[in-house]
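The primary structure of each chain is shown beneath.
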Amino acid sequence: KQEVTQIPAALSVPEGENLVLNCSFTDSAIYNLQWFRQDPGKGLTSLLLIQSSQREQTSGRLNASLDKSSGRSTLYIAASQPGDSATYLCAVRSAALIFGKGTTLSVSS
Amino acid sequence: GAVVSQHPSRVICKSGTSVKIECRSLDFQATTMFWYRQFPKQSLMLMATSNEGSKATYEQGVEKDKFLINHASLTLSTLTVTSAHPEDSSFYICSAREGPSGELFFGEGSRLTVL
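Conventions and cut-offs
- Residues numbered from 1 in each chain as written.
- Chains lettered and ligands numbered in written order.
- Predicted model: local features only at pLDDT ≥ 70, side-chain atom pairs only at ≥ 80, totals over all residues.
- Heavy atoms only, no water.
- Salt bridge = Lys/Arg side-chain N within 4 Å of Asp/Glu carboxyl O.
- Buried < 20%, exposed > 50% of the residue type's maximum accessible area, 1.4 Å probe, protein only.
- Helix = DSSP H or I, 4+ residues; strand = E, 2+ residues; numbered from the N terminus.
- Core = buried A, V, L, I, M, F, W, Y, C linked by side-chain atoms within 4.5 Å.
- Contact = heavy atoms within 4.5 Å.
- Buried area = accessible area lost by both parts, 1.4 Å probe.
- Polar contact = N/O pair within 3.5 Å; in protein donor to acceptor, adjacent residues only side chain to side chain.
- Nonpolar A, V, L, I, M, F, W, Y, C, P; charged D, E, K, R; others polar.
- Disulfide = S-S within 2.5 Å.

A closer look at the pattern of salt bridges
Residue and element names in this part refer to chain B. This model, assessed by the stated rule, comprises four salt bridges over all chains. E22 is the salt-bridge partner of R24, the closest N and O atoms lying 3.5 Å from each other. Its relative accessible area of 24% is what places E22 among the partly exposed residues. For K66, the salt bridge is made with D88, and the minimal N-O distance between the two is 2.8 Å. Within this pair, whereas K66 is found in the loop between β6 (57-58) and β7 (67-73), its partner D88 is found in the loop between β8 (76-81) and β9 (90-97), the two being separated by 22 residues in sequence. A relative accessible area of 11% places K66 in the buried class.

Structural notes on the nonpolar core
V4, W35, L79, Y92 and L112 of chain B are the most contacted members of the largest nonpolar core, which has 24 residues in total. For this core, the secondary structure elements donating two or more residues are β2 (10-13), β3 (19-25), β4 (32-38), β5 (45-51), β7, β8, β9 and β11 (110-114) of chain B. Dropping the residues within four chain positions of it, L112 of chain B is found in contact with V11, C13, V19, V81, D88, S89, S90 and Y92 of chain B. Counting 23 residues, the second-largest nonpolar core is a separate cluster that includes L19, I30, L48 and I77 of chain A.

Structural notes on the interface of chain B and chain A
It is common to report an interface's size as the accessible area lost on association of the parts. In this assembly, 18 residues from chain B lie in contact with 17 residues from chain A. A buried area of about 1,400 Å², summed over both sides, lies between chain B and chain A, and 51% of it is on carbon and sulfur atoms. For the pair chain B and chain A, the interface holds zero salt bridges. On inspection of chain B and its partner chain A, the count reaches one residue pair in polar contact (both at pLDDT 80 or more). When contributions to the side of chain B that touches chain A are tallied by element, the ones reaching two or more residues are β4 and β9 of chain B. Counting residues per element, the side of chain B that touches chain A draws most heavily on β9 of chain B, at three residues. Along the lines of polarity and charge, the residues of the side of chain B that touches chain A split into eight nonpolar, six polar and four charged.

Side note on the state of the cysteines
Note on terminology: disulfide describes a covalent bond linking the sulfur atoms of two cysteines. On inspection of all chains with the given rule, the structure shows two disulfides over all chains. For C23 of chain A, the disulfide goes to C90 of chain A, at an S-S distance of 1.9 Å. With the S-S bond torsion at 60°, the cross-link from C23 of chain A to C90 of chain A turns out right-handed. Linking C23 of chain A in strand β3 (residues 19-25) with C90 of chain A in strand β9 (residues 86-93), this pair joins segments that are 67 residues apart in sequence. Across the pair, exposure class does not vary: C23 of chain A and C90 of chain A are buried alike. Across the disulfide, C23 of chain B is cross-linked to C94 of chain B (sulfur-sulfur distance 1.9 Å). Measuring the twist about the S-S bond at about 80°, one finds the C23 of chain B-C94 of chain B disulfide to be right-handed. Linking C23 of chain B in strand β3 with C94 of chain B in strand β9, this pair joins segments that are 71 residues apart in sequence. For the pair shown, C23 of chain B and C94 of chain B are each scored as buried. Cysteine C13 of chain B shares no disulfide, and the gap to the nearest cysteine sulfur, in C94 of chain B, comes to 18 Å. Looking at C13 of chain B, the relative accessible area reads 8%, which means it is buried.

Below, the structure written as structure tokens:
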């Protein structure tokens, strides 16, 4: 059974710092991995989608990597801003889409 | 990116009543739609998968007679919570994708409070 773990559960950083969020999964037989952002009481915003054949994807200040063999993905956020404060979820698609519990990021100005 | 619209965003109902939540894909045809629920500080949990024109597939532990899902068209799926109870109070989110390997897009979610 696929399990997705996100570390850390919460993270507080000052504005301008670069940071890394981690996601690990137990079953490497996946179709893709997706990173989402969730603001309090809101739905999900898709940030990056990495297909199983890909190693990384970039969008603006965000870079996500995927190491399928080790069951790991990282989301790198460069030059963090207060507007980046949110919960970041990774989700792995194998038979179903399984979510981690998320990392709640707080960026102070 | 593609837009998925969910309505209503908030609903309060009395115990024993039924509530319908709509999920629409606005600019693409969603062959598959998914319904999730999220309790506070918890992960999103998949409730069911629906393919247009066929019966929904429910995850283990989800009562199909209580959570009725209809996917009658390629742009609309509905979730009806029947005979709602306070423990059904949760955040319900739908998602949709265009093809079997397409990116998933999510609605804004619907917060249900059952009094």
